[in-house]
Amino acid sequence: MADSKTLYTSPAQYWTEANPLGNGRIGAMVFGGISSDRVALNEETLISGFPHYFEHPKALEVFEQIKNYVADRQYEEAQELASYGFLFGNTELYMPAGDMFIDYDIDGDVKNYTRTLDMSKAIVTVDFTANDIKYKKEYFVSYPDNVMVVKLSASGNVLPDIKVRFASRLKSECASENGMLYLEGECPGKSGSYSSIGKVRFEYFDEPEKRGVRFKSGAKAICDGTITFEDGVLDIKGASEAVIIMSIKTSYNGYDRHPFTDGKEYRNALEQTLNTALELGYEELLRRHLDDYIPLFERIKLDLGESGREDMPTDERLKKFAEDKNDISLYTLLFDFGRYLTIAGSRAGTQAMNLTGIWNQEIIAPWRGNYTLNINTEMNYWPTLMCGLDECFEPLIEFVKTRSVPGARTAREYYGASGFVIHHNSDLWAHTTPVSFDAQYGFWHGASGWLTCMLYDYFEYTQDKDILAQTIYPLMKEAAKFYLDLLWEREDGKLSVFPATSPENRFRTERNNRCSVAKYTTMSDSIAFELFEKCKAAIAAVGDDDAEFVSKIDRALENMNPFAIGTDGRLLEWNEEFGDDEVNHRHVSHLYALHPAHLITPEHTPELAEACKRSLEKRGDAGTGWSLAWKINFWARLNDGNHALKLLDMQLTPKVETDESRGGGTYPNLFDAHPPFQIDGNFGAPSGILEMLVDVRNGELKLLPALPDKWKNGSLKGVRIRGGKILDIEWADGKLVSCIER
């Protein structure tokens, strides 16, 4: 079986060539430089702004007028009013902490350079030779001890002079105290947009009530040489070996507590964390890191065989794959990388992963580095439960729980509804209101339904009835109440969520105008229907004496019909057969019922499955990184493994950071290219691989439902399925050989 390693023969020039490390809190990108080594740093709670809520005193009045316009098929008027009269405010910015630089005095030509990320251990190693001296650098980020550790050594037993320094584009200063180099800074108190085209600005303030999250990065060293500090630099001389220990703490104290006036103590906490790590020492820190990480990574193993390219540098391997697809273990590498990022980016007690996980180099991140909830955040967690990484799913449960509180206010004030709602975007301040500037994305209200359906998935995989009863079902019930209040009786007597949009897509009206607000949409009705079904299942598992609520759920399920097929055989996306505005649009949201839901399957609803297939064919295979990943899952659910593999091959199209051309792919470090970088495709692709190999559809186990012809032999060990079972499966010559339950 091929090793789970990426390999490079030169330092990273661009961020998307660097190797990611993380523990859910601290994110680090290792460039592996020679004379100057950059480590780009993130901390999960570094965000601009402070707790806020966008109160819109006329929102409910405006919403009623939007409903009137839509009911009268005045779609243009509804679009205008929704975009400029209902949407309000925006999310804040997820921001980078800065960089740690490790500067060497290296003499001579450098030879035999290698940089590897060993995903089985979550360790980056850099080796090279200069003047016949072999240098080695090892990096890891520990979850148990919340520190990044860098070990520096050389074969000549004497390291050159080493200087460690920090830099940040945030408002900050660098100095030293108590044997610690530190950088202390502050996030802006506010961000905003100049216009709808997304030009973002941010501001700092002097007033305490307007100030943002504060942070402190610190580094201490262990060595047998001398350590001095001068002008914001940690200087190591005459050492045979050196260990640098770094951590970051912030004043972020929760979504509802001001980070400046009611912030968490972070200065003493940082020093205590570093001192504790120093006392443990390198070997103990490494042991604790490996003892924590390895059992998680080893829970599931995919083996598709070897290709002979396993020792080829990863960037070269991607380029070779573009010419010759005969590299079967590259799929395994991409699968392992997705699992690795899950463990590195999302752990118990941390925040859920946003658009870039916990890694972001931009002071103004694309799309603000927020939580985009009409597909992207959900996709981040698609493979987590099947990989048995329940601990890594917990942040998503907490994410929904915290947003249910402001989401209840939003449901009440914006819609006159009970329950709670979350819209297209959120941030660490638990933003739930619809964001400016266009109803095409901002008016979508399906996140609370989709997310709570995913929480029920957690119960299905873990069979944890306590968390279902105490946390998950109460959240599902409140989400369901919102959609129940938005149900509307259609002309045919059926019930639909009214009004609705289909994420980021538009249709053409009779006047040939572009609009997105419709009477109802297939996606919104599919989400609501699935949620109602799962509420029924949850009630059967834990009980509910609320007869009125149960009666409403029953009535909705009896009277909803989310699906219709158009004259061309496609599944309809909107309430009627409007003209396409963009036939190849990246979102394929109306197929939600096919994936991630199981409302449509080839086995039980063949006509609807065929309509989904026609929709995919019309939409086309091309797309951004996450879009390609979703289509892999769609084709797997349609039992077409060869088409799913075609999309997976497209996902592995090599991209570089300077390439701004449209179309998704994979950067040299295996990060997903939207482009630019978005992490969701790194999880959507592994999910698709699993869907090709095993699925539980309406209680029926399907093994190898979409096995591509190319994957003739292989094994998948440790895969978790709904019902809490763990399976080991093996196949040969395209046929199942064994399936062992454990």
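The following refers to the structure shown. (Residues numbered from 1 in each chain as written. Predicted model: local features only at pLDDT ≥ 70, side-chain atom pairs only at ≥ 80, totals over all residues. Heavy atoms only, no water.)

**Things to note about the overall build of the protein**
As a reminder of what qualifies: What counts as a helix is a DSSP run of H or I of at least four residues, what counts as a strand is a run of E of at least two, and both are numbered from the N terminus. As a reference, a globule follows 2.2 Å times the number of residues to the power 0.38, and the radius of gyration itself is taken over C-alpha atoms. Think of it in three bands: residues with accessible area under 20% of the maximum for their type are buried, residues over 50% are exposed, and the middle band is partly exposed, with areas taken using a 1.4 Å probe on protein chains only. The contact rule is simple, with two residues in contact once any of their heavy atoms fall within 4.5 Å. The protein chains shown are the only cover counted for residues, whose accessible areas, like all others here, come from Shrake-Rupley with a 1.4 Å probe. Charged-residue counts in this description rest on Lys and Arg as positive and Asp and Glu as negative, His and the chain ends being excluded. Charged groups are reduced to one reference atom each: NZ for lysine, CZ for arginine, CG for aspartic acid, CD for glutamic acid.
Of regular secondary structure, the protein possesses 16 helices and 33 strands. In summary, the protein has a C-alpha radius of gyration of 26 Å against a globular reference of 27 Å for 742 residues, a match within 12%. When the backbone C-alpha atoms are referred to their principal axes, the protein occupies close to 85 × 70 × 50 Å. Buried residues in the protein amount to 62% of all 742 residues. Across the protein, the fraction of contacts at a sequence separation of at least 24, relative to all contacts at a separation of at least 6, is 70%. For the protein, the accessible area works out to roughly 26400 Å², and carbon and sulfur atoms hold 44% of it. Each charge class in the protein was averaged separately, 81 positive and 113 negative side chains, and the resulting centres sit 1 Å apart.

**Re the sheet that holds strand 24 (residues 507-508)**
Keep this limit in mind: At least two DSSP bridges between two strands are required for those strands to pair.
Strand order in the open sheet made by the three strands is 25-24-26, with antiparallel pairing throughout. The sheet is open, and its two edges are formed by strand 25 (514-515) and strand 26 (579-580), each paired on a single side. Where strand 24 meets strand 26, two bridges bridge the pair, whose relative direction is antiparallel. The partner of Arg508 across the bridge, within strand 26, is Gly579.

**Quick look at the nonpolar core**
What counts here: We define a nonpolar core as any set of buried Ala, Val, Leu, Ile, Met, Phe, Trp, Tyr and Cys residues linked to one another through side-chain atoms lying within 4.5 Å.
Of all hydrophobic cores here, the largest spans 221 residues; its most connected members are Met148, Tyr340 and Trp711. Counting residues per element, this core draws most heavily on helix 10 (residues 465-485), which supplies eleven residues. Residues within four places of Tyr340 in sequence aside, it is in contact with Pro20, Leu21, Leu117, Met119, Ala122, Tyr293 and Phe297. Core analysis: the next-biggest nonpolar cluster, separate from the first, contains 15 residues, Val149, Val243, Leu285 and Leu290 among them.

**Let's talk about the packing of aromatic side chains**
Going by this rule: Here the aromatic set is Phe, Tyr and Trp, taking the six-membered ring for Trp, and pairing holds for ring centres within 6.5 Å; pairs whose planes are under 30 degrees apart are stacked, those over 60 apart are edge-to-face, and all others are tilted.
Inspection of the entire model under this criterion finds 37 aromatic pairs. Between the aromatic rings of Phe321 and Tyr331, the centroid separation amounts to 5.9 Å while the plane-to-plane angle is 90°, which identifies the pairing as edge-to-face. Here Phe321 is found in helix 4 (residues 314-323), whereas its partner Tyr331 is found in helix 5 (residues 329-345), with ten residues between them in sequence. For Phe321, a relative accessible area of 0% gives the class buried.

**Notes on the pattern of salt bridges**
The criterion, for reference: A pairing counts as a salt bridge when a side-chain nitrogen of Lys or Arg comes within 4 Å of a carboxyl oxygen of Asp or Glu.
One pass over the structure, following the stated rule, counts 56 salt bridges. With its nearest N and O atoms 3.6 Å apart, the salt bridge here joins Lys67 to Glu64. Residue Lys67 and its partner Glu64 are located together in helix 1 (residues 59-71), separated by three residues, close to a single helical turn. Across the pair Glu576 and Arg73 runs a salt bridge, and its minimum N-O distance is 2.8 Å. One end of the pair, Glu576, is in the loop between helix 12 (547-559) and strand 26; the other, Arg73, is in the loop between helix 1 and helix 2 (75-86), and 503 residues separate them in sequence. Residue class for Arg73 comes out partly exposed when judged on its relative accessible area of 30%. A single network of salt bridges, built from pairs that share partners, joins Asp457, Glu460, Glu530, Lys534 and Arg722.

**What about helix 16 (residues 681-693)?**
Basically, it comes down to this: Here, expected helix span is obtained from the residue count minus one, scaled by 1.5 Å.
End to end, helix 16 covers 19 Å across 13 residues, agreeing with the expected 18 Å (1.5 Å per residue, within 8%). Among the 13 residues that make up helix 16, 13 are buried, leaving the element largely enclosed by the rest of the structure.

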